[in-house]
Amino acid sequence: MKVLISGAGIAGLALAHCLGRKGYRPIVVEKSSSLRDYGYMLGLVGTGYEVAERTNLLPALEAVQHNPDRMVYLNPQGEEKFAVEDKALERLEGPHELNLMRGDIERVLYENAADAIDLRFATTIQSIDQQDGSVRVALSDGSEEECDLVVGADGLHSQVRALTFGTEKRFVRFLGCHVAAYILDRSHVPDVASNTTYTLTEPNRSVSLVTTGDSKLVAIFMYRAEHEHRLGTVEAELREVFAGMSWHVPFLLERCSETTDVYFDEVSQVEMPAWSSGRVVLLGDAGYAVSLIAGQGASMALAGAYILAEELTTTPNDVAGALERYEYHLRPKIARIQRVGRRNVGVFLPANRFQLALRDFGIRFAGSAPAAPFASLARKFFTPSGNLYQSRRK
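Residues numbered from 1 in each chain as written. Predicted model: local features only at pLDDT ≥ 70, side-chain atom pairs only at ≥ 80, totals over all residues. Heavy atoms only, no water.

Participant: Just give me the short version of the overall build of the protein chain, but keep the residues and values in it.
Facilitator: Secondary structure assignment for the protein chain yields 13 helices and 18 strands. Counting all 394 residues of the protein chain, 54% fall into the buried class. A sequence separation of at least 24 residues applies to 73% of the contacts in the protein chain between residues at least 6 apart. If you sum the accessible surface of the protein chain, you get close to 16,800 Å²; carbon and sulfur atoms cover 49% of it. (Helix = DSSP H or I, 4+ residues; strand = E, 2+ residues; numbered from the N terminus. Buried < 20%, exposed > 50% of the residue type's maximum accessible area, 1.4 Å probe, protein only. Contact = heavy atoms within 4.5 Å. Areas by Shrake-Rupley, 256 points an atom, 1.4 Å probe, with all protein chains shown as cover.)

Participant: How would you summarise the sheet that holds strand E10 (residues 144-147) if you had to cite specific residues and measurements?
Facilitator: If you trace the three strands from one edge of the open sheet to the other, you get E8-E9-E10, paired in antiparallel fashion. The open sheet is flanked by strand E8 (125-131) and E10, the only strands paired with a single partner. The mean angle between the axes of side-by-side strands here comes to 20°, regardless of whether they run parallel or antiparallel. Two strands pair when backbone bridges link them, and strand E9 (residues 134-139) and E10 are joined in this way by four bridges, in the antiparallel orientation. Across the sheet, residue Ala138 finds its bridge partner in E10, namely Glu144. (Pairing = 2+ DSSP bridges. Axes fitted to C-alpha atoms, helices over the stretch in contact; angles between N-to-C directions.)

Participant: Help me get a handle on helix H12 (residues 353-366), residues and values and all.
Facilitator: Its 14 residues place the ends of H12 20 Å apart at the C-alpha level, agreeing with the 20 Å of an ideal helix rising 1.5 Å per residue. Of all the residues in H12, the buried ones are Leu356, Arg359, Asp360 and Ile363. The arc that holds every buried residue of H12, seen down its axis, measures 95°, which confines them to one face. Pointing more than 90 degrees away from the buried face of H12 are the exposed residues Phe354 and Phe361. Measuring from the side-chain oxygen of the N-cap residue of H12 to the backbone nitrogen of Phe354 gives 3.2 Å; that N-cap residue is Asn352. (Expected span 1.5 Å × (residues − 1). Arc of directions from axis to C-beta. Polar contact = N/O pair within 3.5 Å; in protein donor to acceptor, adjacent residues only side chain to side chain.)

Participant: Which residues make up the packing of helix H10 (residues 297-314) against helix H11 (residues 319-348), and what values do they have?
Facilitator: In contact at an axis separation of 8 Å, H10 and H11 are set at 160° when each is read in the N-to-C sense. If you check the angle between H10 and H11, you find them roughly antiparallel. When you trace H10 past H11, the crossing you get is right-handed. For the pair formed by H10 and H11, the contact residues are Met300, Ala303, Gly304, Ile307, Leu308, Glu311 and Leu312 on the first element and Ala322, Leu323, Arg325, Tyr326, His329, Leu330, Lys333, Ile334 and Ile337 on the second. In terms of residue class, the contact of H10 with H11 is made up of eleven nonpolar, two polar and three charged. (Parallel < 35°, antiparallel > 145°, perpendicular 65-115°, else oblique. Left-handed = near helix turned anticlockwise from the far one by under 90°. Nonpolar A, V, L, I, M, F, W, Y, C, P; charged D, E, K, R; others polar.)

Participant: Give me the environment of Val262: which residues, what numbers.
Facilitator: Structurally, Val262 is set in the loop between helix H8 (249-257) and strand E16 (263-270). C-alpha separation for the pair Val262 and Tyr182, spaced 80 residues apart in sequence, amounts to 4.9 Å. Beyond its immediate stretch of four places on either side in the chain, Val262 contacts Ala181, Tyr182, Val234 and Cys256.

Participant: Can you break down the nonpolar core residue by residue, with the values?
Facilitator: Ranked by internal contacts, the top residues of the largest apolar core, which has 93 residues, are Leu15, Val151, Leu283, Tyr326 and Leu330. Here Leu330 is in contact with Trp275, Tyr288, Met300, Ala303, Gly304 and Ile307, once residues within four sequence places are set aside. Within the second largest apolar cluster, 27 residues are counted, among which are Tyr182, Tyr198, Val207 and Leu252. (Core = buried A, V, L, I, M, F, W, Y, C linked by side-chain atoms within 4.5 Å.)

Participant: Report on unusual backbone geometry, specifying residues and quantitative values.
Facilitator: Even without being glycine, Asn56 reaches a positive phi, approximately 65°. Assignment of secondary structure puts Asn56 in the loop between helix H2 (46-54) and helix H3 (58-62). At Ala122, a residue that is not glycine, the phi angle is positive and equals roughly 55°. Structurally, the position occupied by Ala122 is in the loop between strand E7 (118-121) and E8.

Participant: A description of the pattern of salt bridges should follow, citing residues and the corresponding values.
Facilitator: A side chain with one charge may pair with a side chain of the opposite charge, provided their charged atoms come close. Tallying each qualifying case throughout the model produces 19 salt bridges. Two residues, Arg161 and Glu168, come together in a salt bridge whose shortest N-O distance is 3.7 Å. The exposure class of Glu168 is partly exposed, given its relative accessible area of 25%. A salt bridge links Glu254 to Arg239, with the shortest nitrogen-to-oxygen separation between them at 3.5 Å. Highlighted residues: Glu254 in helix H8 and Arg239 in helix H7 (residues 234-241), separated in sequence by 15 residues. For Arg239, a relative accessible area of 34% puts it in the partly exposed group. (Salt bridge = Lys/Arg side-chain N within 4 Å of Asp/Glu carboxyl O.)

Dropping the structure here:
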C-alpha cells in the first residue's frame, strides 16, 4: 500500500513511525522547511503513554521530559500565592504522565521513523483527485503521486480537509480564546527556579513561564477574545491584551517582539461528521482537534496514528473497512475529551475574580490528601489507559 501523509507534526510522524514498523515506507510532505522547535508544553498521558510503550518510544520520550517539581501560582503583584509540589503534585499529575515540548516529541518521532519514510520538506498538496481505487495528488514541487491512501495530518488549518471536505468554518469551533508561546534563554529571567512552572492569572488572561532543562524557558500567553483572527501583528495584540500586568510580563512582551518563532493560534476544536471520504482520511488536529486546554491533543494524535496503522496493515486490501474501524474505536474518546476541553476554558481563563478564587481552591483541594481517591477516579475516566480499542471490534 502506498500512503502519502500531509504534515510532519506529531500525528503525521507518529503514523509514519507506526507504518514503518510494519514494513511500509510512506511519503510525508511538510510545508515547513525543517522540523519545528517552537511550541508549548504538552502532556502525554493515558492512552498516549500506552502507545509510546507499545511502539518503543517511551525511553526516548522520557529522556527529553520536563516534569516540574513545583507549580507556582502568583498574585497580581507577581508574588507567590500558593504552590503545588511534592506529594500534592504527584496526586495532581498521577502516574504515567510526561510533560514534553511539542518540538521534542516531533524530533523523537522523526529520529525513530527517518529510515522508513520519504520526507519532503517545503512541500504541500495542491490538489487531490480520487479515482477508482487510488488517489492522484499534485504537489507544490510540480510532481504528482498516485497513492492508495492520503492522510491529512496537517493540523487545525488542514489543507487536505479543505480540499476534500470543504471550508474550515464548517468544522472548526472557536472556543473564545487565543494562545501564544515562544522559547527564550533562561538567562533573561535569572530568578526563576529550575523544574518550576509559574502562572499569573487575572480575569480573562494568563501568563506562564515554564523551565525546560537548564537553559531554556517557555513563555505562554492565553487570553479570551471575541474575534477568531488577530488584528495586526501578534506582538501588537499581546501588548494590548496584557497591558498593565506586573511580574515579568512587560519584559516578556519585549522579548516577544524580538523573537521570530512565535507560535500563535486560536484555541479551537474540530468537529466532523466523518473523518474519511473515499481514500482520504484525517488524523490528529486536522480531523478531531480537542484543543490545548483539553490537555490530550498529543495523546490522541499518537492513539489515532497507532489505531489507523494497525487497521490498515491488518486488512491492507480493505481500506474502507480499516478507516471505518479506526473511526469507530477512536471517536468516543475524542467526544469525551472535547467535552472536557469546552468546560476547561473557565479553569484556564476564569472570567472574573470569583471564578479565579474557585479555580485556585479547586487546584489546592485536588492536590490535597483527602482528594486523592477522587483524583484517581477522574484520571481513570478522562485519561483511560489499557483501552486503545472499544470493547468489541466492528
